[in-house]
Amino acid sequence: TPDAAAPVAAGTADLSGDAAAKIQRIADEIAALRTGVIKTFTDMIPELGATVPTVWDDALKAAEAARAAAAADVGAADMAKLDTALSDLARLETLVKQAVVDKTAFNKALELFDLRMVPLGNHHLKATPEIAPEIKKLTDLRDEAVALAQTGKLTDATAKITGLETQFAATEEMADDL
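Note that this is a predicted model, so its numbers are computed, not measured.

Asker: Please provide a residue-by-residue account of helix H7 (residues 165-177), values included.
Answerer: Its 13 residues place the ends of H7 18 Å apart at the C-alpha level, agreeing with the 18 Å of an ideal helix rising 1.5 Å per residue. The inward-facing, buried residues of H7 contact helix H4 (79-122) and helix H5 (132-150).

Asker: Describe the environment of Leu48, with residues and values.
Answerer: With respect to the element layout, Leu48 can be found in the loop between helix H2 (37-43) and helix H3 (54-72). Filtering out sequence-adjacent residues up to four positions away, Leu48 remains in contact with Lys103, Phe106, Val146, Ala149 and Gln150.

Asker: So what's going on with the confidence of the model for the protein chain? Residues and values would help.
Answerer: Across the protein chain, the average pLDDT comes to 92, with 97% of residues at 70 or higher. Looking across the protein chain, the model is least confident in H7, with a mean pLDDT of 91, and most confident in helix H1 (residues 19-35), with 97.

Asker: Now, about the side chain of Arg25: what can you tell me, with residues and values included?
Answerer: You can see Arg25 is positioned in helix H1. The buried category is assigned to Arg25, whose relative accessible area is 16%. Excluding its chain neighbours within four sequence positions, the residues that come into contact with Arg25 are Asp14, Leu15, Ser16 and Leu86.

Asker: Tell me what's going on with the environment of Val55, and back it up with residues and numbers.
Answerer: Here Val55 shows up in helix H3. Overall, the relative accessible area of 60% leaves Val55 in the exposed class. Separated by 113 residues in the primary sequence, Val55 and Phe168 have C-alpha atoms spaced 38 Å apart.

Asker: Could you give an account of the pattern of salt bridges, with specific residues and numbers?
Answerer: Counted under the stated rule, the structure contains 15 salt bridges. Here Lys22 makes a salt bridge to Asp83, at a shortest N to O gap of 2.4 Å. Of this pair, Lys22 sits in helix H1 while Asp83 is found in helix H4, placing the two residues 61 residues apart along the sequence. Notably, a salt bridge pairs Arg91 with Asp88, separated by 2.3 Å at the nearest N-O pair. Residue Arg91 and its partner Asp88 are both found in helix H4; the two are separated by 3 residues, about one turn of the helix.

Asker: Can you explain the layout of surface pockets? Please cite residues and give values.
Answerer: Any empty space left between atoms is shown by rolling a water-sized probe over those atoms. Looking at the largest pocket, its volume works out to about 300 Å³. In terms of lining residues, the largest pocket is bounded by 15 residues, among which Phe41, Pro53, Ala149, Thr151 and Gly152 are the most central. Elements with a contribution of two residues or more to the lining of the largest pocket: H4, H5 and helix H6 (154-161). Here the element with the most residues in the lining of the largest pocket is H4; it accounts for 3 residues. Residue composition of the lining of the largest pocket, by class: 7 nonpolar, 6 polar and 2 charged.

Asker: Account for the nonpolar core, with residues named and values stated.
Answerer: Nonpolar side chains tend to gather and get buried jointly when the protein is soluble and globular. With 43 residues, the main nonpolar core has Ile26 and Phe106 as its most contacted residues. Of all elements in the fold, only H1, H2, H3, H4, H5, H6 and H7 reach the threshold of two or more residues within this core. Among the elements that line this core, the one with the most residues is H4, at 14 residues.

Asker: Quick one: what's the story with unusual backbone geometry, residue by residue and with numbers?
Answerer: One non-glycine residue, Ile45, adopts positive backbone phi at about 50°. Here Ile45 shows up in the loop between H2 and H3.

Asker: Give a description of the packing of aromatic side chains that names residues and reports values.
Answerer: Each aromatic ring pair is described using two quantities: the centre-to-centre distance and the angle formed by the ring planes. For the coordinates displayed, the defined rule picks out 2 aromatic pairs. Note on Phe41 and Trp56: the rings are 4.8 Å apart at their centroids and 65° apart in plane angle, and the pair reads as edge-to-face. Residue Phe41 is located in helix H2, and its partner Trp56 is located in helix H3; the two are separated by 15 residues in the primary sequence. As far as burial versus exposure is concerned, Phe41 and Trp56 are alike and both buried. Relative to Phe168, the ring of Phe113 has its centre 5.2 Å away and its plane inclined at 65°; by these criteria the two rings are edge-to-face. With Phe113 in helix H4 and Phe168 in helix H7, this pair connects stretches of sequence that are 55 residues apart. Here the two residues Phe113 and Phe168 agree in accessibility, since each one is buried. Between the NZ or CZ atom of Lys103 and the centre of the ring of Phe41, over which it lies, the distance is 4.0 Å.

Rules used throughout
- Residues numbered from 1 in each chain as written.
- Predicted model: local features only at pLDDT ≥ 70, side-chain atom pairs only at ≥ 80, totals over all residues.
- Heavy atoms only, no water.
- Helix = DSSP H or I, 4+ residues; strand = E, 2+ residues; numbered from the N terminus.
- Expected span 1.5 Å × (residues − 1).
- Contact = heavy atoms within 4.5 Å.
- pLDDT = per-residue confidence, 0-100.
- Buried < 20%, exposed > 50% of the residue type's maximum accessible area, 1.4 Å probe, protein only.
- Salt bridge = Lys/Arg side-chain N within 4 Å of Asp/Glu carboxyl O.
- 1 Å grid on protein atoms, 1.4 Å probe; cavity = no way out; pocket = protein on both sides within 12 Å on 5 of 7 lines; lining within 4 Å.
- Points joined across faces, edges and corners; volume = space filled by probe spheres on them.
- Nonpolar A, V, L, I, M, F, W, Y, C, P; charged D, E, K, R; others polar.
- Core = buried A, V, L, I, M, F, W, Y, C linked by side-chain atoms within 4.5 Å.
- Phe/Tyr/Trp six-rings, centres within 6.5 Å; stacked < 30°, edge-to-face > 60°.
- Lys NZ or Arg CZ within 6 Å of the ring centre and 35° of its normal.

Now the structure itself:
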C-alpha cells in the first residue's frame, strides 16, 4: 500500500514592501498558483476531471479583487486588505500543495488497484456466478473511491482502495480452485 501522504508545511506570506510591491506580488502569486500547483492538481488523474475546487477559485478571485481595487488607486490602497490577500494566497498555496500530495497518493493507490485487477479481469472464469460477484465488489470499491476523489475526499478515497490484498487473493484463489 502507498505510504500515507506527509503533511505539507505551511507557507508564510511576504508582507514587505509598499502598496505597489504588494499589488505586483499578489498578481505574481495568483499567476504562479494558477500555472503551477493548481495546474499540477487539475492535470493529475484525467478520470477525475480537471475542475478547480470552488473554494480555491473563490480565494483567487478575492485576492484578485483586492489587488484590482488597490491598483485602481495605489495611493489610497488599503494595506491591511493587501496583507490579507497575500496571507490568504500563502494559505491557499499550502492547501493546494497538500491536495497535490493527497492526489498523488490516491493516484498511486489507484494504479496499484488497477494492476491488481488485471489477473482477475483476464481470468478465464471471471464471468462465472461464483467469481463475477466478487470481481464486481472490487470494481464497486474502485468506483466508490473515484467518486470520493471527485468530491475532494482524497484521503478517504485512498483508504477505500488500499489494504484489499486479502480480498484480491481470496478472489483469485476461488477462481483458480473452480
